[in-house]
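So you can see what is in the structure, the chains are spelled out below.
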Amino acid sequence: MMIPDGIEDEDKWLTAGIAGLQQNAFYMHRALDTNNLKDALKYSAQMLSELRTSRLSPHKYYELYMRAFDELRKLEMFFREETKRGCSTIELYELVQHAGNILPRLYLLCTVGSVYIKSKEAPAKDVLKDLVEMCRGIQHPVRGLFLRSYLSQVTKDKLPDIGSEYEGDADTVMDALEFVLQNFTEMNKLWVRMQHQGPAREKDKREKERNELRDLVGKNLHVLSQIEGVDLEMYRDTVLPRVLEQVVNCKDELAQYYLMDCIIQVFPDEYHLQTLEILLSACPQLQPAVDIKTMLSRLMERLSNYAASSAEVLPEFFHVEAFAKLSNAIGQVIEAQVDMPIVGAVTLYSSLLTFSLHVHPDRLDYVDQILGACVGKLSGKGKLEDSKATKQIVTLLSAPLEKYNDIETVLKLSNYPRFMEYLDDGTNKVMANVIIQSILKNKTCISTADKVEALFELIKGLIKDLDENLDDEFDEEDFNEEQSSVARLIQMLYNDDPEEMLKIICTVKKHILSGGTKRLPFTVPPLIFNSLKLVRNLQGQDESVSGDESSANPKKLFQLLNQTIEALSTVPASELALRLYLQCAEAANDSDLEPVAYEFFTQAYILYEEEISDSKAQVTAIHLIIGTLQRMHIFGVENRDTLTHKATGYSAKLLKKPDQCRAVYACSHLFWVEDHENNKDGERVLFCLKRALRIANAAQQMANATRGSSGSVMLFIEILNKYLYFFEKGNSHITLDSIQGLIELITTEMQSETVTPDPAADAFFASTLRYIQFQKDKGGAVAEKYEPIK
Amino acid sequence: MVLVLAIGDLHIPHRAPDLPAKFKSMLVPGKIQHIICTGNLCIKEVHDYLKSLCPSLHITRGEYDEDARYPETKTLTIGQFKLGLCHGHQVVPWGDLDSLAMLQRQLDVDILVSGHTHQFKAYKHEAGVVINPGSATGAYSSITYDVNPSFVLMDIDGLRVVVYVYELIDGEVKVDKIDFKKTATATTHSAH
């Protein structure tokens with residue numbers, strides 16, 4: 001692979017540099033071992049000459065620098081020994097200045113300077129001042145930055161800070177500050193100068209190199225933050241203004257962004273809170289291309305976390321009016337940067353919102369204000385196409401939901417729903433889903449029709465099709481999940497007061513009926529069952545209470561129910577509708593409304609006759625009809641007869657003979673209801689059972705004709721069990737002879753060769769016989785009854 | 001000792017949004033060996049949830065179930081016991097113990113589990129036991145008023161099964177237990 005020439009050369013030079021450095025270091029060590037100061041200085045200067053190179057990129061220069069740094073540590077130790085041996089530090093200080101070239105000279109000077117300060121032969125501030133001034137001698141950016149970085153490194157533990165051993169007189173902290181600030185200022189200047197060196201076409205390369213060096217500059221701020229003597233006052237009055245002055249005046253985009261960020265990260269949040277105004281006022285003065293919004297977002301994030309860390313810091317926030325200041329600053333930035341993309345503005349408002357929720361959770365008006373400002377920025381733009389922006393808006397809108405865990409609070413925010421029209425359909429659904437999941441997770445109950453209306457307005461993306469032409473992107477599984485969520489949501493809409501509940505039901509009905517045929521099978525059932533629950537609640541109430549037309553009463557609800565189930569015919573969802581009609585019939589039965597119950601049965605029957613043609617579906621449907629009808633006590637004789645007659649008719653007309661047989665004997669229960677004496681018609685019961693027997697016989701004959709052998713006797717055994725059921729219940733028309741005859745019939749058939757063996761039938765017969773024996777063994781009246789059976 | 005969860009008639013999302021929180025925190029994966037479900041879940045999400053509790057999941061079809069492929073009845077053997085499962089809307093009259101006993105004889109099982117009425121029942125007769133785990137969500141039922149959420153846990157150990165019923169009454173989970181023993185020829189039971 002081709003390595004670009006430049007890099008290959010750089011590696012060569014670096015290797016050469018390291019070699020030279022190591023060689024001179026070797027001689028230097030020899031000199032140190034023999035206490036030969038003169039030679040030590042000579043070879044160290046030669047060694048340091050390698051750092052005079054202009055050929056290396058910052059990344060590679062750093063490697064060379066680190067090696068020199070290590071060697072200089074040993075030299076420093078030697079110097080310290082020398083001063084103990086009698087050579088004064090001042091002498092050393094003079095001696096090193098004889099080095100030929102300025103860069104090695106300055107490195108050595110800094111090294112001796114470190115020893116000088118440590119010896120305390122002169123005040124720290126004097127030595128520091130001297131050194132920081134002398135370093136001006138190097139104006140080459142890379143070399144200068146590394147030199148000053150070295151200075152900073154060797155002196156950082158020797159600053160005349162309060163409480164340090166180098167503490168000077170009254171103004172000692174200022175001296176330390178001055179030193180660091182000056183070093184910082186000079187380093188920044190060198191760093192910025194790099195931007196303008198070299199041809200325009202290499203701008204990217206320069207910026208990359210500058211980025212590699214940025215931590216050298218930033219380190220100074222870190223040192224500042226570590227100075228004990230810098231308290232809030234000093235930070236506010238001296239440190240921050242001086243640093244900001246340099247940041248603003250350098251007019252360099254890269255430096256400004258990095259340094260502002262550095263300030264925010266390095267100094268404590270408490271300080272930022274108290275100097276918020278100063279910090280924010282610097283923002284408009286920065287270069288236009290600086291990414292202020294990211295910076296502000298990070299500041300707000302830090303402050304939000306600070307607020308969240310302990311309740312005790314919150315009063316500080318109120319005191320400095322942090323919210324107002326930040327809000328203004330953001331407003332100004334957004335106004336000034338006309339070309340800021342939407343996602344930038346939304347991110348800023350999002351950070352401000354998080355801040356507000358942490359610091360002022362009770363101030364809903366702040367939240368609404370922020371939302372208002374944000375949606376104001378969106379106005380006139382129509383639906384947003386930028387997916388980053390829409391994602392950010394979802395984050396923005398989710399924040400209050402997560403904070404308050406209560407949709408009712410969120411519904412109070414007047415500006416909240418306004419966002420929906422700027423979101424595309426997909427995002428609308430996402431947001432609607434976020435809202436629904438929040439409600440379900442917190443088990444929030446929404447209790448008035450008005451709130452339901454507001455809620456459904458918010459989530460309308462899921463309730464109906466906002467755009468007619470969505471078919472191409474339809475994912476069935478996702479859709480089903482969404483609609484199931486909506487169905488669950490409907491369960492959360494509830495109020496104990498029947499009047500209000502009725503209003504809620506009407507509101508929901510209005511919305512779901514415009515939802516389209518795909519949604520109705522999901523949304524109609526929960527509404528039906530909520531309504532049925534209300535009907536049941538009303539049953540407990542006195543009739544006289546509901547004198548007024550508009551008040552909630554069962555009749556009104558049943559009308560509503562009827563209309564809602566009718567809507568399913570547009571889907572069409574006949575099986576579901578049939579089940580729901582039967583549920584309503586039972587409820588009407590319990591409410592003593594015979595005509596209403598009859599009407600529901602009629603609807604169910606019509607569906608059965610006209611719409612349900614699948615055999616399996618018919619079987620289930622007929623059992624549901626029979627089961628429901630069997631429980632009806634409300635019908636007078638005529639109505640009951642009509643419905644029963646129809647049901648038995650349907651049963652006999654099912655396609656498969658076994659299904660017919662089972663349905664018909666199930667119908668026998670329609671003539672024998674335990675609760676009311678007059679509903680026990682033993683004769684009609686027997687009639688049904690005999691009819692079932694005939695069908696079973698016919699089934700056997702058919703099997704014989706088509707397959708050569710008779711089918712299983714299972715059906716006969718089932719019918720036998722029904723005979724026993726009614727026999728035991730006291731149906732006088734069920735005679736012992738008929739039972740005996742049936743048993744013999746079954747026994748004969750099972751032993752016959754033409755019958756297909758069926759282990760299930762055998763087991764059933766065996767357990768039936770066991771049952772008969774149990775009854776005999778019981779003793780008493782039951783045993784007497786059963787005794788004659790063999 | 002084999003733990004079998006009997007549960008059903010959740011009716012999610014038609015009649016209930018979710019299982020009660022107290023039940024959900026009790027039903028933890030890995031503790032139960034089998035789940036038998038009477039039906040009316042009604043949607044795939046509920047099926048997946050039950051499956052996550054225990055891979056051995058047996059379901060019969062309820063009349064509102066989204067998945068039409070569940071069988072009408074099912075039988076399985078666990079230890080010394082034969083169990084039968086059926087939703088119950090097929091057995092008329094609904095909830096009638098004698099008719100359910102007939103189904104039990106037909107399936108030839110020691111324990112019949114069926115639902116539909118949303119009311120917990122554990123009924124013993126000469127040939128075996130009929131259990132209705134009720135509705136795990138307390139869903140509306142046209143048959144039963146004031147449904148309390150309930151489910152059943154059966155501990156099958158040799159010839160003995162202990163039936164624990166968990167009911168959520170006024171926000172508190174109440175547990176009751178019933179013992180059944182099976183012998184070769186006859187059954188005896190003691191209730192606690």
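Check the entry above for the structure.
The following paragraphs examine the structure supplied in this document.

Calculation criteria
Residues numbered from 1 in each chain as written. Chains lettered and ligands numbered in written order. Predicted model: local features only at pLDDT ≥ 70, side-chain atom pairs only at ≥ 80, totals over all residues. Heavy atoms only, no water. Helix = DSSP H or I, 4+ residues; strand = E, 2+ residues; numbered from the N terminus. Rg over C-alpha atoms; globule rule 2.2 N^0.38 Å. Buried < 20%, exposed > 50% of the residue type's maximum accessible area, 1.4 Å probe, protein only. Contact = heavy atoms within 4.5 Å. Areas by Shrake-Rupley, 256 points an atom, 1.4 Å probe, with all protein chains shown as cover. Pairing = 2+ DSSP bridges. Right-handed = clockwise from strand over helix to strand, strands pointing away. Patch = residues over 30% accessible without salt bridge, like charges linked within 9 Å, V, L, I, M, F, W, Y side chains within 5 Å. Salt bridge = Lys/Arg side-chain N within 4 Å of Asp/Glu carboxyl O. Lys, Arg positive; Asp, Glu negative; His and termini not counted. Charge placed at Lys NZ, Arg CZ, Asp CG, Glu CD. Axes fitted to C-alpha atoms, helices over the stretch in contact; angles between N-to-C directions. Left-handed = near helix turned anticlockwise from the far one by under 90°. Buried area = accessible area lost by both parts, 1.4 Å probe. Polar contact = N/O pair within 3.5 Å; in protein donor to acceptor, adjacent residues only side chain to side chain. Nonpolar A, V, L, I, M, F, W, Y, C, P; charged D, E, K, R; others polar.

The helix and strand tally for chain A stands at 37 helices and 0 strands. For a compact globule of 790 residues, the expected C-alpha radius of gyration is about 28 Å, and chain A comes in at 46 Å, more than 25% above that figure. Along the three orthogonal principal directions, the C-alpha set of chain A runs to about 135 × 70 × 55 Å. The 790 residues of chain A split such that 53% are buried. The long-range share in chain A, meaning contacts at least 24 apart out of those at least 6 apart in sequence, stands at 71%. When the accessible surface of chain A is totalled, it reaches about 36000 Å², and 49% of it is carbon and sulfur.

Our next topic: the pairing of strand S6 (residues 111–114) of chain B. Residue and element names in this part refer to chain B. Judged by which residues are buried, S6 turns out to be covered on both faces: Ile111 and Val113 on one side and Leu112 and Ser114 on the other are all buried. As paired strands, strand S5 (residues 81–86) and S6 are joined by 4 bridges and run parallel to one another. Bridging across to S6, Leu83 finds its partner in Ile111. On the question of chirality, the crossover connecting S5 to the parallel S6 by way of helix H3 (residues 97–107) is right-handed. Both S6 and strand S8 (residues 128–132) contribute to a ladder of 3 bridges, which runs parallel. Directly across from Leu112, in S8, lies its bridge partner Val130.

What follows covers a negative patch on the surface. Residue and element names in this part refer to chain A. On the surface, a cluster of negative charge is made up of Asp475, Glu476, Glu477, Asp478 and Glu481. Examined against the element boundaries, Asp478 turns out to sit in helix H24 (residues 476–491). What makes Asp478 partly exposed here is its relative accessible area of 43%.

Residue and element names in this part refer to chain A. Viewed as axis vectors pointing N to C, helix H3 (residues 58–84) and helix H7 (residues 141–155) meet at an angle of 35 degrees, and their least axial separation amounts to 11 Å. Relative to H7, the crossing made by H3 is right-handed. Mapping the contact onto sequence places Pro58, Tyr61, Tyr62, Tyr65, Phe69, Leu72 and Arg73 in H3 and Val142, Arg143, Phe146, Ser149, Tyr150, Gln153 and Val154 in H7.

Here the focus is the sheet that holds S8(B). Residues and elements named next belong to chain B. If you trace the 5 strands from one edge of the open sheet to the other, you get S4-S5-S6-S8-S7, paired in mixed fashion. For this open sheet the edge positions go to strand S4 (73–78) and strand S7 (121–125), each flanked by a neighbour on one side alone. When strand polarity is set aside, the average angle formed by the axes of neighbouring strands in this sheet is 20 degrees. Bridge count between S4 and S5: 6 bridges; the pairing is antiparallel. Looking across to S5, one finds that Lys74 is bridged to Leu85. Lying on the sheet, H3 is in contact with S4, S5, S6, S7 and S8; it crosses S6 at an angle near 125 degrees.

Residue and element names in this part refer to chain A. Along the chain, His360 turns up in the loop between helix H17 (342–359) and helix H18 (364–378). A relative accessible area of 8% places His360 in the buried class. Discounting chain neighbours no more than four positions away, the residues touching His360 are Phe318, Phe323, Phe355 and Tyr366.

Take the interface of chain A and chain B next. A common way to express how large an interface is: the accessible area buried when the components associate. Each partner contributes to the interface: chain A provides 50 residues, whereas chain B provides 35 residues. Taken together, the two surfaces of chain A and chain B that pack against each other cover about 3900 Å², and 54% of this comes from carbon and sulfur. Summed over the shared surface of chain A and chain B, the number is 3 salt bridges. Among the salt bridges present, the one from Asp108(B) reaches Arg770(A), with a minimum N-O distance of 3.7 Å. Counting every contact that joins chain A to chain B gives 18 residue pairs in polar contact (both at pLDDT 80 or more). At the level of secondary structure, the elements contributing two or more residues to the side of chain A that touches chain B comprise H24, helix H26 (520–539), helix H28 (574–590), helix H30 (615–631), helix H32 (657–667), helix H34 (714–729) and helix H36 (759–778) of chain A. Residues that form the side of chain A that touches chain B fall into these classes: 21 nonpolar, 14 polar and 15 charged.

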